[in-house]
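These are the residues of each chain, in order.
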Amino acid sequence: MTATAEGTTNATPTGSTPTANAVLRVPPASPAAAAAYFGASLAFHADVSDVAAALAAGGDPGFVVVDSRSTASWDQGHVPGAVHLPTALIPEQAERLLDRSVPVVTYCWGPGCNGATRAALALAELGFQVKEMLGGFEYWAREGFEFETWQGIEHRAADPLTAPVDAEDCGC
């Protein structure tokens, strides 16, 4: 190791290649490949704050929100106005509950759960346009948005690790 003004670097013997750190062991994609990947990612995902802002703007947001969790989970709390459609029931109930011409945004518990992904897949296989809401219900509540429970509307203070405390949005 060699110390420099900027920090510590890996020393390499003359004629050898430096050992890449874990971040750069696999080099970054080309800018064109990165643009294609991240562009595609935005076509498949929606941010909790963006969904909340679209719903709060009033009028038709142009999409419907689907909660893919169990009834017990739904009763604990859900996005106001969401349609309750557990993933297992999508094949038999989606056509009756949803309009195929309206894009669907699915969510489940949170980032540690792939239920919204499974629901999005099931809906896409039935021909619906669909996005997954990143963060799920966990981040909806953690970012301080109102949610409905079997007892009524609830609201929690925004977690400063997930949402700005003194600003309308995060600026991203």
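Residues numbered from 1 in each chain as written. Predicted model: local features only at pLDDT ≥ 70, side-chain atom pairs only at ≥ 80, totals over all residues. Heavy atoms only, no water.

## Points about the nonpolar core
So, step 1. Membership of the largest hydrophobic core comes to 16 residues, with the highest contact counts inside it found for Val 51, Val 65, Val 79, Tyr 107, Met 133 and Trp 140.
So, step 2. Elements represented by at least two residues in this core include exactly helix 2 (48-56), strand 6 (104-107) and helix 6 (136-142).
So, step 3. If sequence neighbours within four positions are ignored, Met 133 has contacts with Ala 46, Asp 47, Val 48, Val 51, Val 79, Val 105, Thr 106, Tyr 107 and Trp 140.
So, step 4. Counting residues in hydrophobic clusters, the runner-up holds 13 residues, among them Ala 94, Leu 98, Ala 122 and Phe 128. (Core = buried A, V, L, I, M, F, W, Y, C linked by side-chain atoms within 4.5 Å. Buried < 20%, exposed > 50% of the residue type's maximum accessible area, 1.4 Å probe, protein only. Helix = DSSP H or I, 4+ residues; strand = E, 2+ residues; numbered from the N terminus. Contact = heavy atoms within 4.5 Å.)

## A few points about helix 2
So, step 1. Val 48, Val 51 and Ala 52 are the residues of helix 2 that are buried. The buried residues of helix 2 all sit within an arc of 100° when viewed along its axis, so they share a single face.
So, step 2. At its buried positions, helix 2 is contacted by strand 3 (45-47), strand 4 (64-67), strand 6, strand 7 (130-134) and helix 6.
So, step 3. Just past helix 2, the residue Gly 58 takes up positive phi, approximately 85°. (Arc of directions from axis to C-beta.)

## Description of the confidence of the model for the chain
So, step 1. Here the chain averages 89 in pLDDT, while 88% of its residues score no lower than 70.
So, step 2. pLDDT under 50 marks residues 1-9. Its contacts with residues more than four places away, or in other chains, come to 9 contacts. (pLDDT = per-residue confidence, 0-100.)

## Some thoughts on the packing of aromatic side chains
So, step 1. Counted by the stated rule, this structure contains 4 aromatic pairs.
So, step 2. Here the aromatic rings of Phe 137 and Phe 147 are separated by 5.3 Å at their centres, their planes lie at 85°, and the arrangement is edge-to-face. Pair noted here: Phe 137 is in helix 6 and Phe 147 is in strand 8 (residues 147-149), with a separation of 10 residues, a long-range link.
So, step 3. By relative accessible area, which is 2% here, Phe 147 ends up buried.
So, step 4. Ring plane angle 50° and centroid distance 5.1 Å describe the contact between Trp 140 and Phe 145, whose orientation is recorded as tilted. (Phe/Tyr/Trp six-rings, centres within 6.5 Å; stacked < 30°, edge-to-face > 60°.)

## Quick notes on the sheet that holds strand 7
So, step 1. Strand order in the open sheet formed by 5 strands is 3-7-6-4-5, and the pairing between neighbours is parallel. Taken across any chain shown, the strands that pair with only one partner, and hence form the sheet edges, are strand 3 and strand 5 (83-84).
So, step 2. Bridge count for strand 4 against strand 6 is 4 bridges, and the pairing is parallel. Counterpart to Val 64 in the pairing with strand 6 is Val 104.
So, step 3. Relative to strand 6, helix 5 (residues 115-125) is tilted by about 150°, and along the sheet it contacts strand 6 and strand 7. (Pairing = 2+ DSSP bridges. Axes fitted to C-alpha atoms, helices over the stretch in contact; angles between N-to-C directions.)

## Structural notes on the pattern of salt bridges
So, step 1. Here the structure, examined in full by the defined rule, presents 4 salt bridges.
So, step 2. Arg 69 is the partner of Asp 67 in a salt bridge, and the nearest nitrogen-oxygen pair spans 2.7 Å.
So, step 3. Notably, a salt bridge pairs Arg 100 with Glu 95, separated by 2.1 Å at the nearest N-O pair.
So, step 4. One continuous salt-bridge network, built from bridges that share partners, spans Glu 138, Arg 142 and Asp 159. (Salt bridge = Lys/Arg side-chain N within 4 Å of Asp/Glu carboxyl O.)

## Digging into helix 1 (residues 31-44)
So, step 1. With 14 residues, helix 1 ought to run about 20 Å at 1.5 Å a step, and its terminal C-alpha atoms sit 20 Å apart, in line with that.
So, step 2. Little of helix 1 is tucked away: 0 of the 14 residues are buried. (Expected span 1.5 Å × (residues − 1).)

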